[in-house]
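Each chain, written out:
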Amino acid sequence: MASIIPELAYELPPFFKLYKDGKIERLMGTDIIPPGTDPETGVQSKDVVISPETGVSARLYKPKQTNQNQKVPLIIYFHGGGFYVQTPFSSTYQPFLNSLVAESNIIIVSVDYRKAPEHPLPIGYDDCWASIKWVASHSNGGGPEEWINEYANLECTFIMGDSAGANIAHNMAVRVGLDKPSGATIQGLILMHPYFWGKDPVGSESGDVETRSIIENYWKLACPQNSSADDPLMNPKMDPNLARLGCGRVLVFAAEIDFLRCRAWFYHETLMKSGWGGSAEIMESEGEEHVFHLYRPHCEKAIVLRKRVISFINNGRRQFHRDNC
């Protein structure tokens, strides 16, 4: 008997296909690398459940050498993928994060939030906020995860993400400034090729109507209840709470031939004019495309990028020690 070929209802390349029977076929980031010890770096990883009710989970990374008497900074990491694809468990993220942990001697909590279209935003934002509160629950050493209890200095916590994950990271930092959750001190925010947008072009950004319509449609489908490209979640310029960003330092990365390049520079400029009062740095990788460091983590410019991240973290570490001497 011939198999029935499902009928396509909607396609959003390069992210997914939606079939009329409700099935979603994701087109990238579906492979899974199991956790364990990385043979190249010695970094250990394991998977944990953050919320059994929602299914939100994370992959934790720990450096080869750890000492309970000398706790290390922690990064809460949000992956990209347009709010539609990728996970912390895919081959896209494991090599980069293994290298970052090994070179910087930190703990990373890489969050697997629920994704659109079956879980439209703000569900993903809420999942990521739950992950921040989960990390903060370890502040007295009595949280559910031993690696965080034993090895992480939560007074030296960073929020980081790439692409759509950088968008999430920014919005989480704003929420930290508004809600001020106890238990974790956010020392800095690291945004790698952030996915921001707006109705009007900025800098040398394309003004082509068709191109802009395609990009705006990505957001409309991900967040149907707030579908404007000038939604503050997508366009920080429109956020009245931008100046309340909940950390004192920000590091932004741009790539020269990334279609989101101008948004990274515009974010940096807008933040510095907002009245926020912190310090923000920006670095651009010449001749590189969007999230190149994930696909070529061992290339020279990806190594330079990681070194800049490590320098930013170490400055936060030194600031913490100065403030607590």
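Now for a description of the structure that goes with this document. (Residues numbered from 1 in each chain as written. Predicted model: local features only at pLDDT ≥ 70, side-chain atom pairs only at ≥ 80, totals over all residues. Heavy atoms only, no water.)

**Structural notes on the packing of aromatic side chains**
So, step 1. The full count for this structure, using the stated rule, is 9 aromatic pairs.
So, step 2. Pairwise contacts between aromatic rings join F15, F16, Y84 and Y218 into one cluster.
So, step 3. The aromatic ring of Y113 is capped on one face by K115, whose charged end is 5.2 Å from the ring centroid.
So, step 4. The ring of F312 carries R249 above its face, with NZ or CZ at 3.9 Å from the centroid. (Phe/Tyr/Trp six-rings, centres within 6.5 Å; stacked < 30°, edge-to-face > 60°. Lys NZ or Arg CZ within 6 Å of the ring centre and 35° of its normal.)

**Comments concerning empty space enclosed by the protein**
Where empty space is left in the structure can be found by rolling a water-sized probe over the atoms.
So, step 1. Summed over all chains, the structure comprises 1 cavity of 30 Å³ or more.
So, step 2. Its volume calculated, the largest cavity comes out at about 40 Å³.
So, step 3. Taken together, F196, N235, P236, K237, R263, F266, Y267 and T270 make up the lining of the largest cavity.
So, step 4. When the residues that make up the lining of the largest cavity are grouped by side-chain class, the tally is 4 nonpolar, 2 polar and 2 charged. (1 Å grid on protein atoms, 1.4 Å probe; cavity = no way out; pocket = protein on both sides within 12 Å on 5 of 7 lines; lining within 4 Å. Points joined across faces, edges and corners; volume = space filled by probe spheres on them. Nonpolar A, V, L, I, M, F, W, Y, C, P; charged D, E, K, R; others polar.)

**Quick look at the pairing of strand 2 (residues 16–19)**
So, step 1. With 4 bridges connecting them, strand 1 (residues 8–12) and strand 2 associate as antiparallel partners. In the sheet register, L8 faces strand 2, and the bridge partner there is Y19.
So, step 2. Hairpin connection from strand 1 to strand 2: 3 residues lie between these consecutive antiparallel strands.
So, step 3. The pairing of strand 2 with strand 3 (residues 24–26) spans 3 bridges and is classified as antiparallel. The residue of strand 3 that forms the bridge with F16 is R26. (Pairing = 2+ DSSP bridges. Helix = DSSP H or I, 4+ residues; strand = E, 2+ residues; numbered from the N terminus.)

**Description of the pattern of salt bridges**
So, step 1. Scanning all chains against the criterion turns up 16 salt bridges.
So, step 2. K46 is the partner of E146 in a salt bridge, and the nearest nitrogen-oxygen pair spans 3.7 Å. Residue E146 is located in helix 3 (residues 146–151), and its partner K46 is located in strand 4 (residues 44–51); the two are separated by 100 residues in the primary sequence.
So, step 3. The residue R175 makes a salt bridge to D126 at a minimum N-O spacing of 3.4 Å. Here R175 is found in helix 4 (residues 164–179), whereas its partner D126 is found in helix 2 (residues 123–136), with 49 residues between them in sequence.
So, step 4. On the basis of relative accessibility, which here comes to 27%, the residue R175 falls in the partly exposed class. (Salt bridge = Lys/Arg side-chain N within 4 Å of Asp/Glu carboxyl O. Buried < 20%, exposed > 50% of the residue type's maximum accessible area, 1.4 Å probe, protein only.)

**Describing helix 2**
Along an α-helix, residues three or four apart share an orientation, since each turn contains 3.6 residues.
So, step 1. Between the first and last C-alpha of helix 2 there are 20 Å, a value that for 14 residues agrees with the 20 Å anticipated at 1.5 Å per step.
So, step 2. Within helix 2, 10 of the 14 residues are buried, which leaves it mostly tucked inside the rest of the structure. (Expected span 1.5 Å × (residues − 1).)

**Digging into helix 6 (residues 261–273)**
So, step 1. Over its 13 residues, helix 6 extends 19 Å from the first C-alpha to the last, a length consistent with the 18 Å expected when each residue adds 1.5 Å.
So, step 2. Among all positions of helix 6, only C262, R263, A264, Y267, H268, T270 and L271 are buried.
So, step 3. Structurally, helix 6 contributes buried residues whose contacts are with helix 4, strand 9 (186–192), helix 5 (209–222), strand 10 (249–255) and strand 11 (279–285). (Contact = heavy atoms within 4.5 Å.)

**A look at the sheet that holds strand 1**
Remark on secondary structure: sheet strands pair via backbone hydrogen bonds, oriented parallel or antiparallel.
So, step 1. Read from one edge to the other, the open sheet built from 3 strands follows the order 1-2-3, with strand pairing classed as antiparallel. In this open sheet, the two edge strands, each paired with only one partner strand, are strand 1 and strand 3. Between one strand axis and the next, the sheet turns through 15 degrees on average, direction left out of account.
So, step 2. Sitting on the sheet, helix 5 touches strand 1 and strand 2, and the angle it makes with strand 1 is about 125 degrees. (Axes fitted to C-alpha atoms, helices over the stretch in contact; angles between N-to-C directions.)

**Some remarks on the side chain of Q86**
So, step 1. Inspection of the secondary structure puts Q86 in the loop between strand 6 (72–78) and helix 1 (94–104).
So, step 2. Of note is the side chain of Q86, whose polar atom sits 3.0 Å from the side chain of T92.
So, step 3. Every residue in contact with Q86, bar those within four places of it in the chain, is listed here: M28, G29, H79, G80, G81, T92, Y93, K115 and Y295. (Polar contact = N/O pair within 3.5 Å; in protein donor to acceptor, adjacent residues only side chain to side chain.)

**Quick look at the side chain of R212**
So, step 1. Structurally, R212 is set in helix 5.
So, step 2. Of note is the side chain of R212, whose polar atom sits 2.9 Å from the backbone oxygen of S206.

**Some words on the packing of helix 2 against helix 4**
So, step 1. Where helix 2 contacts helix 4, the axes come no closer than 10 Å and their chain directions differ by 60 degrees. Between helix 2 and helix 4, the angle is such that the two are oblique. At the point where helix 2 passes helix 4, the crossing takes the right-handed sense. Contacts between helix 2 and helix 4 involve Y125, D126, C128, W129 and I132 from the former and N167, I168, N171, M172, R175, V176 and D179 from the latter. (Parallel < 35°, antiparallel > 145°, perpendicular 65-115°, else oblique. Left-handed = near helix turned anticlockwise from the far one by under 90°.)

**Comments concerning the nonpolar core**
So, step 1. With 67 residues, the main nonpolar core has F78, F83, L189, L245 and V250 as its most contacted residues.
So, step 2. Per-element tally for this core: the top contributor is helix 4, with 8 residues.
So, step 3. Ranked by size, the runner-up nonpolar core spans 29 residues in total, among them I106, I108, L251 and F312. (Core = buried A, V, L, I, M, F, W, Y, C linked by side-chain atoms within 4.5 Å.)

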